[in-house]
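So you can see what is in the structure, the chains are spelled out below.
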Amino acid sequence: GDILAGQIVRTVYDGTYWQISSVAAAPALVAVIRGSNINSGTGSSISVTLPVGTLAGDFAIVFAGSDLTPVLTSGWTSILTANYAANYWCALAESKVLSSGDISTGSVTVSLTGGSSDAEIAIITFIGATGGVREVEGSPGGNTNPTLTTTSSVISTDSAVYWASYRGASNSFVPTITPGSG
């Protein structure tokens, strides 16, 4: 298996060379949050600055919400698009392993279709590769606390990230997240 920084291995001296005896399989990747940032505004696009210390090779997730449809950013992978027409609200989540060009730009901009409106955007970055996004749950919520249930593919080393935006008065909704069985 691969040797990770800080992993303890056993060595054997054969009289000439030090050799590493059997190396245990590397542990599962555990996502470590580097930082996050959030912004709100009015316009035909919305931008968020990368968290301080973000580096090329870090994994990023961007969330955007507006009553106009957020457009997937070029070069990013869509992980959720939702148009909650009954609540007049649209959402986007996208992910990417950041490049040196992304770091030089220093921010991410999401365009909105159909004009100018209020919008929110947030970003979270993780140190290095994380293995990506295993699962995404969305809920239109409305005027109630949402209930989200994960599938059995979620494992104990996964990180859960909750992001919410709301059109209207400042309400704080607290989700109920139920782990899947399996």
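Residues numbered from 1 in each chain as written. Predicted model: local features only at pLDDT ≥ 70, side-chain atom pairs only at ≥ 80, totals over all residues. Heavy atoms only, no water.

**Some remarks on the confidence of the model for the protein chain**
Short version of the rule: Confidence of the predictor at the level of single residues is captured by pLDDT, which takes values from 0 to 100. We count a stretch as a helix when DSSP gives it H or I for four or more residues in a row; a strand needs E for two or more, and each element gets its number in order from the N terminus.
With 61% of its residues at a pLDDT of at least 70, the protein chain reaches an overall mean of 77. Per-element confidence in the protein chain ranges from a low mean pLDDT of 62 for strand S2 (residues 18-20) to a high of 97 for helix H1 (residues 100-105).

**Some remarks on the pattern of salt bridges**
Stated precisely, the cut-off is as follows: Salt-bridge detection follows one rule: a side-chain nitrogen of Lys or Arg within 4 Å of a carboxyl oxygen of Asp or Glu. Burial status follows relative accessibility: with a 1.4 Å probe on protein chains alone, a residue under 20% of its type maximum counts as buried, one over 50% as exposed, and anything between as partly exposed.
Summed over the entire model, instances satisfying the criterion amount to 2 salt bridges. Close ionic contact of Arg34 with Asp58 constitutes a salt bridge, the shortest N to O distance being 2.4 Å. Of this pair, Arg34 sits in strand S3 (residues 33-43) while Asp58 sits in the loop between strand S4 (45-49) and strand S5 (59-66), placing them 24 residues apart in sequence. Relative accessible area serves as the criterion here: at 25%, Arg34 is assigned to the partly exposed category. In this structure, Asp102 and Lys96 form a salt bridge, with 3.0 Å as the shortest nitrogen-oxygen distance.

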